[in-house]
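Structural overview
Each chain is listed here by its residues.
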Amino acid sequence: MRALRRSAKIAVITGAAALMAAPGMATPAQAAEGTFFYTRADTGAETFLGSTPTGPCVAIPGGARQATNDTDTDARLYTNSSCTSASRFLGSRESDAYAAPFPTFVKFG
């Protein structure tokens, strides 16, 4: 009977420790530090993205004819909203020009 109680106590303590550690394992999305500038493919206007979160697929309004990734995080540019089309790599602190089909989404990280 003592062995059963001891085993149950160990299981409860181990389970509680695992639950306490779990929230620490999940990391919230971080923003790429810096600015992502681009020349709109539709109007030729110079603009930038106001938010550059790491992880999610972010829209590039108007598409990018030219882009400058002046952030501390590498980026991939896509032509679809699920960020699954053939991507174009744009490293941290790099610039590049694009031809049609222009990238319309970016994913940092």
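My aim in this report is to walk through the structure given alongside it, one point at a time. These numbers were taken from a predicted model, which means no experiment stands behind them. Within each chain, residue numbers correspond to sequence positions counted from 1 in written order. This being a predicted model, a pLDDT of at least 70 is required before a residue's local features are given, and a value of 80 or more before pairs of side-chain atoms are given or counted; all residues contribute to the totals for chains, interfaces and linings. The side-chain values count all of the structure's non-hydrogen atoms but skip hydrogen atoms and water molecules.

This part covers the sheet that holds strand 7 (residues 94-97). By the convention used here, strands pair only if DSSP detects at least 2 bridges between them. Comment: elements are numbered from the N terminus, with helices defined as DSSP H or I runs of at least four residues and strands as E runs of at least two. Spatial strand order, 2-1-4-7: 4 strands in an open sheet with antiparallel pairing. Edge positions in the sheet fall to strand 2 (46-49) and strand 7, since each has one partner strand and no second. Sheet twist, expressed as the average angle between the axes of neighbouring strands with direction ignored, equals 20°. Sheet topology places strand 1 (residues 34-40) next to strand 4 (residues 64-71); 7 bridges connect them, and they run antiparallel. Fitted lines through C-alpha atoms serve as axes, helices being fitted only where they are in contact, and the angles separating the N-to-C directions of these axes extend from 0 to 180 degrees.

With that settled, the discussion passes to the packing of aromatic side chains. Think of it this way: a Phe, Tyr or Trp ring, Trp meaning its six-membered ring, pairs with another when their centres are within 6.5 Å, and the plane angle makes it stacked under 30 degrees, edge-to-face over 60, tilted otherwise. With the rule as written, the count across this model stands at 3 aromatic pairs. Note on Phe 36 and Phe 108: the rings are 5.7 Å apart at their centroids and 85° apart in plane angle, and the pair reads as edge-to-face. Taken together, the residues Phe 36 in strand 1 and Phe 108 in strand 8 (residues 105-108) connect sequence positions 72 residues apart. Pair check on accessibility: Phe 36 and Phe 108 agree, each one buried. An aromatic cluster of at least three residues, connected via ring pairs, comprises Phe 36, Tyr 38 and Phe 108. Exposure categories follow from relative accessible area, calculated using a 1.4 Å probe and restricted to protein chains: below 20% of the type maximum is buried, above 50% is exposed, and the middle band is partly exposed.

Quick look at the state of the cysteines now. Our working definition of a disulfide is a cysteine sulfur pair at a distance within 2.5 Å. Within the structure shown, the criterion is met by 1 disulfide. Paired through a disulfide, Cys 57 and Cys 83 show a sulfur-sulfur distance of 1.8 Å. Because the torsion about its S-S bond is 75°, the bridge between Cys 57 and Cys 83 counts as right-handed. With a gap of 26 residues between them, Cys 57 in strand 3 (residues 57-59) and Cys 83 in the loop between strand 5 (75-78) and strand 6 (88-90) connect regions that are remote in the sequence. The class for Cys 83 is buried, based on a relative accessible area of 8%.

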